[in-house]
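Report on the structure
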2 protein chains.
Amino acid sequence: MSDLFEQLKAIVGPKGFSTDPAEIAPHLTEWRSKYEGSSPLLLKPASTQEVSAILALCHKAGAAVVPQGGNTGLVGAQIPFHNEILLSLSRMNQIRSLDKHDASLIAEAGVVLSTAQSHADEVGLLLAPSLASEGSAMIGGLISSNAGGVNVLRYGMMREQVLGLEVVLANGHVLNTLRTLRKDNTGYDLKQLFIGAEGTLGIITAAALRLVPKPSERATAFVAVPDVNAATALLARLQESTNGLLNAFEVLARSGLELVLAHIAGAKDPFAAPAPWYVLCEASGIKGVSEAFLSGLESALEDGIAADVVIASSEAQRESLWRLRETMSEAQKLEGPSLKHDISVPVSAAARFIETAIAAVAARLPEARPVPFGHLGDGNLHFNFQMAKGTDPKHYLAHWDEIQQIVHDIVHEFGGSFSAEHGVGIMKRDALARYKTVQEVELMRTLKRALDPKSILNPGKLIPD
Amino acid sequence: MSDLFEQLKAIVGPKGFSTDPAEIAPHLTEWRSKYEGSSPLLLKPASTQEVSAILALCHKAGAAVVPQGGNTGLVGAQIPFHNEILLSLSRMNQIRSLDKHDASLIAEAGVVLSTAQSHADEVGLLLAPSLASEGSAMIGGLISSNAGGVNVLRYGMMREQVLGLEVVLANGHVLNTLRTLRKDNTGYDLKQLFIGAEGTLGIITAAALRLVPKPSERATAFVAVPDVNAATALLARLQESTNGLLNAFEVLARSGLELVLAHIAGAKDPFAAPAPWYVLCEASGIKGVSEAFLSGLESALEDGIAADVVIASSEAQRESLWRLRETMSEAQKLEGPSLKHDISVPVSAAARFIETAIAAVAARLPEARPVPFGHLGDGNLHFNFQMAKGTDPKHYLAHWDEIQQIVHDIVHEFGGSFSAEHGVGIMKRDALARYKTVQEVELMRTLKRALDPKSILNPGKLIPD
C-alpha cells in the first residue's frame, strides 16, 4: 500500500495530497455531522490527466477511491466509510469556456456553483440551478447527485443542464463527451450514465452546461387555499395562464406557518384569518408575465380554488413572503426534533397521499404532529413530523426507521419516490432495495459490474449489497 | 427454427403474426426505398406480456429480433437486414393514462404521435414533439431514435419528454420505470439507456411523457440578414428579448430561396431586393410575447444584425412564410440530385463551419452548389449540395461517400455531430467508428454486451462491428 501511496503522491505533487489527519478531517464528516468516515490519504489532483493516472494506478492495485466535491451532500455519498482514498476535485476549478451564442459554459468539476453562476451572468445569461448550498457545492458533485433546488419546476434538475461530460473511468481511461451541441444523435448518450450515479461509475472532471435567458419581470404571491386539491388545481391554472412560466410553487400547511410565526423574528401572517393550507408561487419571464399570473390568480379566486391572495408589491414584501417558506426548516428545528422525509408523488396524487400518510403515522405514533411542506409544483414534499411538546426526544426519534418505512410504503403505493432530490448514498440503500423492482436493482448491478468490475469507485454507495 | 416459430405464433395468437410475404413486404423497406430487408416472420404482440414471452424464447434460442414502430426512420435502424424476426409494436396502441394535473400521459409504444398529441390536446395541454411523419411515427420508435423535429429549440428532443419507460430486456424481463414524477433521485436513471438506443438494448413497450402548457400567442417573422454571424447574433438577441420563448429559428441561404421561388407554385420573395441569407423565426407564449419578439427585431434592425424584416400579419401570411422553408427539400428534389448531410455544430461556430466546408467541397467538386439550410437555433444544418445543371447525376452521386467524409471531417473539427437528429442505424455506423473516440465506442460495446450478451436485439445496428 505504501508503494501505491508514494506513486499517487508523485502524480499530484506536493500541493496535491495530504496525509495530515487535521487537514483531512473536514472532508470526513458533513455539515449535519450525521456521518463520519476515515481516510489515510487525501488526493487533490489539478488536472484530468492526474485523475486519470490516479485511477489507472488504483485500478491496477484494486484500491478504492471516494470522489468528493464541496461535501454538501445529504446522504453520505461523498464520505469514505471504509478508509478509502479520498479524491477531492476542488483544485480542478477552471472555467474552460463560456459562449453567449452557444448559451453554454464548460466548467471543471471543482468549480463552485455560485462561481459558475457569476460567469454566466457576465454574458447576460442564467445558469439555472440554484440551491441553499450554492456557495460551496461544486459542479462535479451537483451532477453526480443530479441536484435539484429551487428552479427545478421551470428548468429541470441538474441532468437537464448537462450538454456534455468529461469523465475518468474506473480503469483511468478518459471519456470525453464535452460537446456543447443541442442535437447529437450519435449512439448511446453515454453522459447520462454518470449523472446521478454518485461517483460509482466514473469520476466527472468537467461538464458542458446549458445557459438560459434571464427573466426580465417577476411576480410573487402568497395564496390561502382550502385544501391540497385546491393547491393542485391552482398549479394547473397558473401553468395555463402563464404558459409554463411559473418558477416556484411551494406549499405549506397551517401547522408549518404557525411554527414560523412562533419562532422566526419578524414573521407575520399575511392574512387576517387562518387558512388550512398556503401556496407561495412565483412566475417570471417577459414583460406581461405578471399580468398573466394575476389573471390566473383572479380566476382561481372566482372559482374558489384560492381563498385569499397577497401579491408582493415590492422586493421587500417579496422577500418577507419567501422568508415564510425559507425559514420552515429553521422554525422546525427551533420547535424540536422532527422525523423527516424527502419524497415525491405524482402531483395529482398529492392530496390523497398526504391524507393517507398522515392517518397512517397518527395510528402508529399519535404524538407526531404533521408539518408537510415543499415543492408541490414538482410533487416533491418535505413530509415531516414534529415531536409534540412534552415528549421525550430520544423516545420520539427512535421511531425514525419505523415511521420512515410507513411513509415510504405509502409513497410507493402512490407511484412516488423515496428520494426526490437528495439521492441514495449510504442513507437510502436499504430503501432502494425495498422499493425498486428486482429488475431495476439487477440492471443497476449489471451497469456497476460493467463499468467498474473491481468496484473501486465509491464502493458501498447507492447499490445495495 | 420451425419449432421456435410455432411457439412464437402460439404466444401472439392468430391476429398477432404473419408469414405472408405480401403482408410482411411493407415492413421491409422504408419510404425512401433506400434500404430493403427480409424476414420470415412478422410478430405483432398485443401486450407487454407477449413481448416478454417472445424475447424470453428468442433469448433462449439465440434468435435475433428487429423491433419496428411506424417504419419512418431514415437510417435503416428498423429494417431486418439478416432475415431476423420482425417485431412490430403497432398493436400496442393504448393510451394507458392521461392526467392534466400531472401534465403527463402514458402511451404504449405503438401509439401514433398525432394520436398522442390529440389526447394531450383534449386536456388542454401540448405534447411538444412535432415532425413531418407524426401521422405514422410511433411513440416507441420516436423514443428509440430520440427524435427531433420542429419544436426542439423550445422543448428539447424526445429524450426531454420522457418521464418513465416500460422496457422488455433481451432476456424477456420487464423493466418498469413508468412513473410520472418530475423528481426521482433513486439510483441510476435506467430509462436513459433505452432512449436513442435504436432497440439495441431493450424493446420499449410504453412510455410516460410530459405535457406542457399551450402557447396563447404567436409571432412569426422572415428576416434578411447579411451573413451567418448576423443570424447567430439575431438568435441571441431574440432569445434575450423573448426570455427564451423562441420556438423556431430556421436559416436558409439565398441559393435555397431561389430554388423555392423557381420550383414551388405560389412562392414569393418576401423582399424587393435579394439578401445573402434569411432567417425564419417564431416566438410563442403568453400575451406579450409578440411585443417582446418585435422589440428584439427592431433593435436588430437598428444594429444592422437584420437587414430587413417581414412580420406575418395573418395566419395566411404566416403559412406562406413557413412554406418558403418547408418546401426547401421538395424544391431541391425538383431541381435535381443533392449530396445531403444532417449535421450539427455549436451555434457560435456555424458561420466558420459553413465557410470552411463549402470551400473544401468546392475544391474537390466544383460543380456542387451549396444550399445550406436548417434549424440554426439548435445548430442543426441540412448541409446539402445541389448538382449543377448539365452534370451527369450518376457521376455526381458517386461522390456521396467522399463528400460526406470531407463534410463530416470538418463538422468533427468544429466539435459538431455527424448525425444531429436522424440517428445511426446502419447508415452511419462507419461514421460512428470514425468520429467517436475509442473510449466512446468501447463503452457502447460494453453496454451492449452487458444488456444483450447474445446480441439478439437489432444486431448490426448503431455499433460498428
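Predicted, not measured: the structure shown is a model, and the values here were computed from it.

**Considerations on the overall build of chain A**
- Counting its secondary structure elements, chain A contains 16 helices and 19 strands.
- Taking the principal axes of its C-alpha atoms as reference, chain A extends roughly 70 × 55 × 45 Å.
- Total accessible area on chain A stands at roughly 16900 Å², and carbon and sulfur atoms take up 52% of it.
- Here chain A carries 41 positive and 51 negative side-chain charges, and the mean point of each set is 4 Å from the other.

**Remarks on the interface of chain A and chain B**
- Every contact between the two is made by 85 residues of chain A and, on the other side, 85 residues of chain B.
- Here chain A and chain B share an interface that buries about 6300 Å² over both sides, 61% of which is from carbon and sulfur atoms.
- Three residues, Lys-183, Asn-185 and Tyr-188 of chain A, lead the burial of chain A against chain B; their summed loss comes to 16% of the area buried on that side.
- Inspection of the chain A/chain B interface yields 10 salt bridges.
- For Arg-159 of chain B, the salt bridge identified is with Asp-189 of chain A, shortest N-O distance 3.3 Å.
- In this assembly, chain A and chain B are joined by 40 residue pairs in polar contact (both at pLDDT 80 or more).

**Brief notes about the side chain of Glu-335 of chain A**
- Mapped onto the fold, Glu-335 of chain A is located in helix α11 (residues 328-335).
- The residues touching Glu-335 of chain A, leaving out its near neighbours within four places in the chain, are Leu-259, His-263, Arg-369, Gln-386 and Lys-389 of chain A.

**Remarks on the confidence of the model for chain A**
- Confidence along chain A averages 96 in pLDDT terms, with 100% of residues attaining 70 or more.
- For this predicted complex, the interface confidence score (ipTM) comes to 0.97, while the overall pTM stands at 0.97.

**As for the sheet that holds strand β9 (residues 174-176) of chain A**
Residues and elements named next belong to chain A.
- Read from one edge to the other, the open sheet built from 5 strands follows the order β5-β6-β10-β8-β9, with strand pairing classed as antiparallel. This sheet does not close on itself; its edge strands, each paired only once, are β5 (95-99) and β9. In this sheet, neighbouring strand axes are inclined to one another by 15° on average, regardless of whether the strands run parallel or antiparallel.
- Two strands pair when backbone bridges link them, and strand β6 (residues 104-108) and strand β10 (residues 203-210) are joined in this way by 5 bridges, in the antiparallel orientation. Paired with Glu-108 across the strands is Ala-206, a residue of β10.
- Relative to the sheet, helix α3 (residues 48-61) contacts β5, β8 (162-168), β9 and β10, its axis offset from that of β8 by approximately 50°.
- Together, β5 and β6 form the strand contacts of helix α4 (residues 113-122), whose direction differs from that of β5 by roughly 30°.

**A look at the relation of the copies chain A and chain B**
- Least-squares fitting of chain A to chain B yields an RMSD of 0.0 Å, with the transformation described by 0.0 Å of translation along the axis and a rotation of 180°. What the superposition gives is, in effect, a two-fold axis relating one chain to the other. Every residue of chain A has its C-alpha some distance from the rotation axis, and the shortest such distance is that of Gly-288 of chain A, at 2.6 Å.
- Both copies present the same face, since 100% of the interface residues in chain A are matched by interface residues at the equivalent positions in chain B.

**Observations concerning the UniProt feature "domain: FAD-binding PCMH-type" (unreviewed entry) in chain A**
- As recorded in UniProt, the sites labelled "domain: FAD-binding PCMH-type" (unreviewed entry) are residues 35-214 of chain A.
- When the span residues 35-214 of chain A is considered, its composition is 19% helix and 23% strand, and the gap between its end C-alpha atoms is 38 Å.

**Things to note about the sheet that holds strand β5 (residues 95-99) of chain B**
Residue and element names in this part refer to chain B.
- Here 5 strands make up an open sheet; going across it, the order is β5-β6-β10-β8-β9 and the pairing antiparallel. Taken across any chain shown, the strands that pair with only one partner, and hence form the sheet edges, are β5 and β9 (174-176). Going from strand to strand, the sheet's axes swing by 15° on average, the running direction of each strand aside.
- Relative to strand β8 (residues 162-168), helix α3 (residues 48-61) is tilted by about 50°, and along the sheet it contacts β5, β8, β9 and β10 (203-210).
- With respect to the sheet, helix α4 (residues 113-122) is in contact with β5 and β6 (104-108), its orientation differing from that of β5 by roughly 30°.

**Considerations on the packing of helix α8 (residues 254-263) of chain A against α11 of chain A**
Residues and elements named next belong to chain A.
- Interhelical geometry of α8 versus α11 gives an angle of 75° and a closest axis separation of 9 Å. On the basis of the axis angle, α8 is roughly perpendicular to α11. Taking contact as the criterion, the partners of Gly-256, Leu-257, Leu-259, Val-260 and His-263 in α8 are, on α11, Met-328, Ala-331, Gln-332, Leu-334 and Glu-335.
- A breakdown of the residues in the contact of α8 with α11 according to their chemical character gives 6 nonpolar, 3 polar and 1 charged.

**Some details on empty space enclosed by the protein**
- Per the stated rule, a full pass over the model turns up 4 cavities of 30 Å³ or more.
- When its volume is computed, the largest cavity comes out at roughly 120 Å³.
- Along the wall of the largest cavity there are 13 residues; nearest its centre are Gln-192 and Leu-193 of chain A together with Asp-189, Gln-192 and Leu-193 of chain B.
- The residue makeup of the lining of the largest cavity, split by class, is 9 nonpolar, 2 polar and 2 charged.

**Some remarks on the nonpolar core**
- With 107 residues, the main nonpolar core has Phe-353 of chain A together with Phe-353 of chain B as its most contacted residues.
- Ranked by size, the runner-up nonpolar core spans 88 residues in total, among them Ala-116, Leu-142 and Ala-431 of chain A together with Leu-211 of chain B.

**Observations regarding helix α16 (residues 438-451) of chain B**
- End to end, α16 of chain B covers 20 Å across 14 residues, agreeing with the expected 20 Å (1.5 Å per residue, within 8%).
- Of all the residues in α16 of chain B, the buried ones are Glu-440, Val-441, Leu-443, Met-444, Thr-446, Leu-447, Lys-448 and Leu-451 of chain B.
- Turning to α16 of chain B, the residues buried within the fold contact β9 and α16 (438-451) of chain A together with α15 (429-435) of chain B.

**Description of the packing of aromatic side chains**
- Applying the stated rule across the entire model yields 16 aromatic pairs over all chains.
- Centroid distance Tyr-35 of chain B to Phe-81 of chain B: 5.7 Å. Interplanar angle 85°. Geometry classified as edge-to-face. Here Tyr-35 of chain B is found in the loop between α2 (21-24) and β2 (42-43), whereas its partner Phe-81 of chain B is found in the loop between β3 (65-68) and β4 (85-88), with 46 residues between them in sequence.
- According to the relative accessible area criterion, Tyr-35 of chain B is buried, its value standing at 14%.
- Taking relative accessible area as the criterion, Phe-81 of chain B reaches 24% and is therefore assigned partly exposed.
- Both rings, one in Phe-418 of chain B and one in Tyr-435 of chain B, keep their centres 5.8 Å apart while their planes meet at 35°; by these two values the pair is tilted. You can see Phe-418 of chain B sitting in the loop between α14 (400-413) and α15 and its partner Tyr-435 of chain B sitting in helix α15, a full 17 residues away along the chain. Across the pair, Tyr-435 of chain B and Phe-418 of chain B agree in class, each one buried.
- Joined through ring pairs, the aromatic side chains of Phe-353, Phe-383, Phe-385 and Phe-414 of chain A make up one cluster.

**Observations concerning the pattern of salt bridges**
- The tally for this structure, following the rule as stated, stands at 54 salt bridges over all chains.
- Across the salt bridge formed by Lys-389 of chain A and Glu-335 of chain A, the nearest N and O atoms sit 3.9 Å from each other. Residue Lys-389 of chain A is located in the loop between β19 (380-387) and α13 (393-397), and its partner Glu-335 of chain A is located in helix α11; the two are separated by 54 residues in the primary sequence.
- Note on Glu-335 of chain A: relative accessible area 15%, which makes it buried.
- Two residues, Arg-449 of chain A and Glu-442 of chain A, come together in a salt bridge whose shortest N-O distance is 3.1 Å.
- Among the ionic contacts, a cluster of salt bridges with common partners joins Arg-179 and Asp-184 of chain A together with Lys-436 and Glu-440 of chain B.

Conventions and cut-offs
- Every chain begins its residue count from 1, and numbering advances along the sequence as written.
- Note on labels: chains are lettered from A, ligands numbered from 1, in written order.
- Per-residue local features of the predicted model are confined to residues with pLDDT of at least 70, and side-chain atom pairs are confined, for both listing and counting, to 80 or more; whole-chain, interface and lining totals are unaffected and use all residues.
- Hydrogen atoms and water are omitted, and side-chain values are computed over all heavy atoms in the structure.
- Secondary structure is summarised from DSSP: a helix means a run of H or I of at least four residues, a strand means a run of E of at least two, and numbering begins at the N terminus for each.
- Exposure was quantified through the Shrake-Rupley algorithm and a 1.4 Å probe, taking into account, for residues, occlusion by the shown protein chains and nothing else.
- Charge assignment: positive for Lys and Arg, negative for Asp and Glu; neither His nor the chain ends contribute.
- Every charge is mapped to an atom, namely NZ of Lys, CZ of Arg, CG of Asp or CD of Glu.
- A contact between two residues is defined here by any heavy atoms of the two lying within 4.5 Å.
- Put simply, buried area is the surface a 1.4 Å probe can reach on two separate parts but cannot reach once they are joined, added for both.
- Salt bridges are identified by distance alone: a Lys or Arg side-chain nitrogen within 4 Å of an Asp or Glu carboxyl oxygen.
- As used in this structure description, the phrase polar contact means that two N or O atoms lie within 3.5 Å; if the pair is within protein, one of them must be able to donate a hydrogen and the other to accept it, and residues adjacent in sequence are counted only when both atoms belong to side chains.
- For every residue, the pLDDT score states the predictor's confidence, bounded by 0 at the bottom and 100 at the top.
- Pairing between two strands requires that DSSP report at least two bridges joining them.
- Each axis is a line fitted through C-alpha atoms, taken for helices only over the stretch in contact, and angles between the N-to-C directions span 0 to 180 degrees.
- Copies are brought into register by a least-squares superposition over C-alpha atoms of residues with pLDDT of at least 70 in both.
- UniProt positions are given in the numbering used here, feature names are shortened, and annotations may be inferred rather than shown by experiment.
- Orientation is classified from the angle alone, with under 35 degrees giving roughly parallel, over 145 giving roughly antiparallel, 65 to 115 giving roughly perpendicular, and any other angle giving oblique.
- Gly is put with the polar residues, along with every residue not named as nonpolar or charged; the nonpolar set is Ala, Val, Leu, Ile, Met, Phe, Trp, Tyr, Cys and Pro, and the charged set is Asp, Glu, Lys and Arg.
- A cavity, in this analysis, means grid points on a 1 Å lattice covering only the protein atoms where a 1.4 Å probe fits yet has no way out; a pocket is instead an open set bounded by protein on both sides within 12 Å along at least five of seven lines, and a residue lines either one if it has an atom within 4 Å of a point.
- Grid points are joined across faces, edges and corners, and a volume is the space filled by probe spheres set on the points.
- Take the buried residues of types Ala, Val, Leu, Ile, Met, Phe, Trp, Tyr and Cys, join any two whose side-chain atoms come within 4.5 Å, and each joined set is a nonpolar core.
- Relative accessibility decides the category of a residue: with a 1.4 Å probe and only protein chains considered, values under 20% of the type maximum give buried, values over 50% give exposed, and everything between is partly exposed.
- What a helix should span is 1.5 Å times the count of its residues minus one.
- Between 30 and 60 degrees the pair is tilted, below 30 it is stacked and above 60 it is edge-to-face, where a pair is any two Phe, Tyr or Trp rings, Trp via its six-membered ring, whose centres lie within 6.5 Å.

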